[in-house]
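So the chains spell out like this:
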Amino acid sequence: MRSKELIILADSSPDSVIERAIKMGLKVAAIDQSVKERLKGYLDPSLIVEVSEWPSEGELTLFKIRGPEDVEILRREANERKFLIESESWKIIPLENIIAEVGGERIYAIADDLEEARSLLGVLEIGVKGVVIPIKDSAQLEGALRLSEEVNPLNLREARVTEVKQVGMGDRVCVDTTSILSKGEGMLVGGSASFLFLVHSENIESPFTSPREFRVNAGAVSNYLLAPGGKTLYLSEVRAGSEVLAVSVDGRRRVVSVGRAKVERRPMILVRASSDGEEGWTVLQLAETIPLVKPDGSTVAVTDLKPGDRVLVYVSERKARHFGTAVDEFIEER
């Protein structure tokens, strides 16, 4: 699944939204020269996507589509440059023609709103590489972040289990969603917000229990759980009406709502693992029905887990959290 980019158009977005977007990991672009210069006055240049008129040396070359002849010009001039397409009337059909001719990997488009952005990202099923979109307020920014999550898979990676240890009784949380979770789908949980384990849903057949296709037994109340917008929740905070992320073995994610969070005292087990020099852990219920996911997509119950086994995890570069939102500051969790 190709990664996609969602870029904020600074020309028609307020500074307060731009600053929040940057903190949430999005980039910004400006077409107007005066806006570019203003952004460079207070933003790290690496966060600004350069847009310049055709032909240019900018990161994105602005190309205006006024009629069929412009599509033909773009096809003839296509090279290694990335193009930002601006269409004065029709949008979908010209982009279909462009993608069919030169592919979508170097094609970006200006979208008027989030619904249009969603459509452009899926043109001919391939979609454009990215969209540049104006964002007016916090609600629209939240929607942009969710759209970015929908079209961009997380980079799950392999970790080696280093410790498996029973830790006595504790309070664990079953997250019962209002959705049917597919095979290969679960939730990302962990004791550290920057190192999360993929815990599979309870939709696997077993001799002694019926499948619960809506449920993830996510472990200790102190665990972090990945939520929409790049945020985390403590499992103790999850309740009916909360929104969380269901994540597949290939990193695809979708927002699901919680119908119930069931807290009960159960025997618990600590699982610790390492990946490329990073270390993390999670505390889960000790039971045969709680599976972690192996790199090949198969599952292993925590009761069968042993040091040396390999499991899928998500490791985030941004480690510190303030009320669930990633922040750039030193933190050590252990």
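Residues numbered from 1 in each chain as written. Predicted model: local features only at pLDDT ≥ 70, side-chain atom pairs only at ≥ 80, totals over all residues. Heavy atoms only, no water.

A. Looking closely at the environment of P295. Relative to the assigned elements, P295 resides in the loop between β17 (291-293) and β18 (299-301). Under the relative-accessibility criterion, P295 is labelled partly exposed at 38%. Sequence separation between P295 and E158 is 137 residues; the distance between their C-alpha atoms is 6.0 Å. Discounting chain neighbours no more than four positions away, the residues touching P295 are E158, R310, V311 and L312. (Helix = DSSP H or I, 4+ residues; strand = E, 2+ residues; numbered from the N terminus. Buried < 20%, exposed > 50% of the residue type's maximum accessible area, 1.4 Å probe, protein only. Contact = heavy atoms within 4.5 Å.)

B. Representation of the domain arrangement of the protein in the model. Entries for the protein in the domain assignment read domain 1 (5-151) and domain 2 (156-326). Distance from the C-alpha centre of domain 1 to the C-alpha centre of domain 2: 35 Å. At the interface, nine residues of domain 1 touch nine residues of domain 2. Of the roughly 700 Å² buried between domain 1 and domain 2 on both sides combined, carbon and sulfur atoms contribute 38%. It is K23, R146 and E149 in domain 1 that bury the most area against domain 2; as a group they hold 68% of the surface buried on that side. Where domain 1 touches domain 2, the interface holds one salt bridge. With a shortest N-O distance of 2.2 Å, E243 and R146 are connected by a salt bridge. (Domains from an automatic or database assignment. Buried area = accessible area lost by both parts, 1.4 Å probe. Salt bridge = Lys/Arg side-chain N within 4 Å of Asp/Glu carboxyl O.)

C. Seen up close, the nonpolar core. Formed by 39 residues in total, the largest nonpolar core has its most connected members in V28, L39, I85, L95, L120 and V128. By residue number, the principal contributor to this core is helix α6 (residues 138-151), which donates five residues. Residue contacts for L95: discarding those within four places in its chain leaves I85, I107, A109, L120, V123 and V128. If you look at the next biggest cluster of nonpolar residues, it comprises 32 residues, including V161, M187, I269 and V302. (Core = buried A, V, L, I, M, F, W, Y, C linked by side-chain atoms within 4.5 Å.)

D. Examining a nonpolar patch on the surface more closely. A surface patch of nonpolar side chains, amounting to about 320 Å² of accessible area, comprises W90, I92 and I93. Considering the arrangement of structural elements, one finds I93 in helix α4 (residues 92-102). (Patch = residues over 30% accessible without salt bridge, like charges linked within 9 Å, V, L, I, M, F, W, Y side chains within 5 Å. Areas by Shrake-Rupley, 256 points an atom, 1.4 Å probe, with all protein chains shown as cover.)

E. Expanded view of the pairing of strand β14 (residues 243-248). Here β14 lies mainly inside the structure; five of its six residues are buried. Alignment of β14 against strand β15 (residues 253-275), held across five bridges, turns out to be antiparallel. The residue bridging V247 from the neighbouring strand is R253, located in β15. The antiparallel pairing of β14 with β15 creates a hairpin that spans four residues between the two strands, and G251 there sits at a positive phi of about 90°. (Pairing = 2+ DSSP bridges.)

F. Just the environment of A273, in detail. Within the secondary structure, A273 sits in strand β15. Classification of A273 as buried rests on a relative accessible area of 0%. Between the C-alpha atoms of A273 and V132, which are 141 residues apart in sequence, the distance is 39 Å. Filtering out sequence-adjacent residues up to four positions away, A273 remains in contact with A159, R160, V161, T162, F195, F197, E278, E279 and G280.

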